[in-house]
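Structural features, examined
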Amino acid sequence: MIHRMRDVIVAANWKMHTTPADAGELAVTIASRTRESAVTRVICPPYVALATVRDALANSDPDVGIGAQNVHHEAAGAYTGEISAAMLAGLATWVIVGHSERRRDAGETDERIGLKLGRATEAGLRAILCVGERAEERDAGAAEKVVEAQLRGALAAHDPAILSRAGLVVAYEPVWAIGTGRTALGSDAALMADAIRRTLVQLGWGSAAEDVPVLYGGSVTAGNIAEFLAEPTIDGALVGGASLKPDEMAGIVARASLTARARLAAS
Ligand code: PGA
């Protein structure tokens, strides 16, 4: 059951794809194929393409949000090659935090991800916090426990009122579904969305837990998005591979607009 009307969000995670030379055109093409005011659209290009995408969208479709794919956990300092939240001012209004590829390749811990959330929020960035279990954890029946621990580790030190006001989004991305072509079942993703909001309640979020958008991510395409959006507890998708393909994005956002419009009509 939908407590209050939650936004429907489709966020594109371009990962380490595109260059400043081609990202603007791709963003404009995707924007023009997904023009749908009921759906919150976000594109997260690589850092070096943020300015190009910002400028390209400012002229063609300023409704599309722009996000970074990561942010450093410290405000400033001797961190060669890193990007702070303050540096993203004017370039992005969203940021992905705790993606499983960064947990895996950059050794990001839940505590560090929690610090990143703090930096993002202080800088006025809207964070998409990624959580999700690995295959062996799901096979062992520990999926919910793992996700709950990730949430506790990242969120326990934060004031729920501040993160709630900042519009925190949680993306449930089972690691085994990312880039594999194998998705979770819609029903399993919906159970996880329930578990995520239950954990938020345990962390002191109260009724604000019901207002937190929960996205599904992991091999989402135009062909399978309906299974996830059929679940009232799922509020959209974080899309990787398919987000580089305008046809796929057009199909995903078209399906998302049905859910968004149905929610608007019901509210
Ligand atoms: P995928 O990636 O859609 O390519 O599986 C999703 C993600 O990692 O956010």
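Residues numbered from 1 in each chain as written. Predicted model: local features only at pLDDT ≥ 70, side-chain atom pairs only at ≥ 80, totals over all residues. Heavy atoms only, no water.

**Description of the packing of helix α6 (residues 143–155) against helix α8 (residues 186–202)**
Relative orientation of the contacting elements α6 and α8 amounts to 40°, with a least axis distance of 10 Å. Classified by the angle their axes make, α6 and α8 are oblique. By crossing handedness, the relation of α6 to α8 is classed as right-handed. Residue-level inspection shows Ala-143, Glu-144, Val-147, Glu-148, Leu-151, Arg-152 and Leu-155 of α6 in contact with α8, the latter providing Leu-191, Met-192, Ala-195, Ile-196, Arg-198, Thr-199, Leu-200 and Gln-202. Residue classes in the contact of α6 with α8 are distributed as nine nonpolar, two polar and four charged. (Axes fitted to C-alpha atoms, helices over the stretch in contact; angles between N-to-C directions. Helix = DSSP H or I, 4+ residues; strand = E, 2+ residues; numbered from the N terminus. Parallel < 35°, antiparallel > 145°, perpendicular 65-115°, else oblique. Left-handed = near helix turned anticlockwise from the far one by under 90°. Contact = heavy atoms within 4.5 Å. Nonpolar A, V, L, I, M, F, W, Y, C, P; charged D, E, K, R; others polar.)

**A short note on helix α10 (residues 246–266)**
Under the 1.5 Å per step criterion, the end-to-end length of α10 is 30 Å for 21 residues, consistent within 8% with the ideal 30 Å. Those residues of α10 that fall on the buried side of the exposure criterion are Pro-246, Met-249, Ala-250, Ile-252, Val-253, Ala-256, Ser-257, Thr-259, Ala-260 and Arg-263. Check the buried side of α10 and you find it contacts β1 (8–13), α1 (23–33), β2 (39–44), α9 (225–229) and β8 (236–239). (Expected span 1.5 Å × (residues − 1). Buried < 20%, exposed > 50% of the residue type's maximum accessible area, 1.4 Å probe, protein only.)

**A look at the site of the ligand**
The environment of the ligand is formed by 14 residues, the closest being Lys-15, His-99, Glu-173, Gly-179 and Ser-219. Within the contact set of the ligand, an oxygen atom lies 2.7 Å away from a side-chain nitrogen or oxygen of Lys-15. One of the backbone N or O atoms of Gly-241 is found 2.8 Å from an oxygen atom in the ligand. Burial of the ligand by the surrounding chains reaches 95%, relative to a free accessible area of 280 Å². Residue composition of the shell around the ligand, by class: five nonpolar, seven polar and two charged. (Near = heavy atom within 4 Å. Polar contact = N/O pair within 3.5 Å; in protein donor to acceptor, adjacent residues only side chain to side chain. Areas by Shrake-Rupley, 256 points an atom, 1.4 Å probe, with all protein chains shown as cover.)

**Observations regarding the sheet that holds β8**
Strand order in the closed barrel formed by eight strands is β1-β2-β3-β4-β5-β6-β7-β8, and the pairing between neighbours is parallel. Averaged over all pairs of adjacent strands, the angle between their axes in this sheet comes to 25°, without regard to strand direction. Where strand β3 (residues 65–68) meets strand β4 (residues 94–97), two bridges bridge the pair, whose relative direction is parallel. In the strand pairing of β4, Gly-67 is matched with Trp-94. Contacting β5 (126–131) and β6 (169–172), α6 runs over the sheet at an angle of about 145° to β5. (Pairing = 2+ DSSP bridges.)

**Examining the side chain of Gln-150**
Following the sequence through the fold, Gln-150 ends up in helix α6. Accessibility expressed as a relative area gives 10% for Gln-150, which makes it buried. Those residues in contact with Gln-150 that sit more than four places away from it in its chain are Arg-103, Asp-110, Val-131 and Gly-132.

**With respect to helix α4 (residues 110–122)**
For α4, built from 13 residues, the straight-helix expectation of 18 Å at 1.5 Å per residue is met to within 8% by its first-to-last C-alpha distance of 18 Å. Turning to α4, its buried residues are Asp-110, Ile-113, Gly-114, Lys-116, Leu-117, Gly-118, Ala-120 and Thr-121. Here the buried face of α4 lies against β4, α3 (100–105), β5, α6 and α7 (160–165). Looking one or two residues past α4, Gly-124 carries a phi angle of roughly 80°, positive in sign.

**A closer look at the packing of aromatic side chains**
Per the stated rule, a full pass over the model turns up two aromatic pairs. Between Tyr-216 and Phe-228, the ring centres sit 4.0 Å apart and the planes meet at 5°, which makes this aromatic pair stacked. Here Tyr-216, found in strand β7 (residues 214–217), pairs with Phe-228, found in helix α9; they are twelve residues apart in sequence, far enough to count as distant. An aromatic cluster is present here, built from Tyr-172, Tyr-216 and Phe-228 joined pairwise through their rings. (Phe/Tyr/Trp six-rings, centres within 6.5 Å; stacked < 30°, edge-to-face > 60°.)

**As for the environment of Thr-183**
Position of Thr-183 among the secondary structure elements: in the loop between β6 and α8. Residue class for Thr-183 comes out partly exposed when judged on its relative accessible area of 25%. Considered as a pair, Thr-183 and Leu-258 are 75 residues apart in the sequence and their alpha carbons are 21 Å apart.

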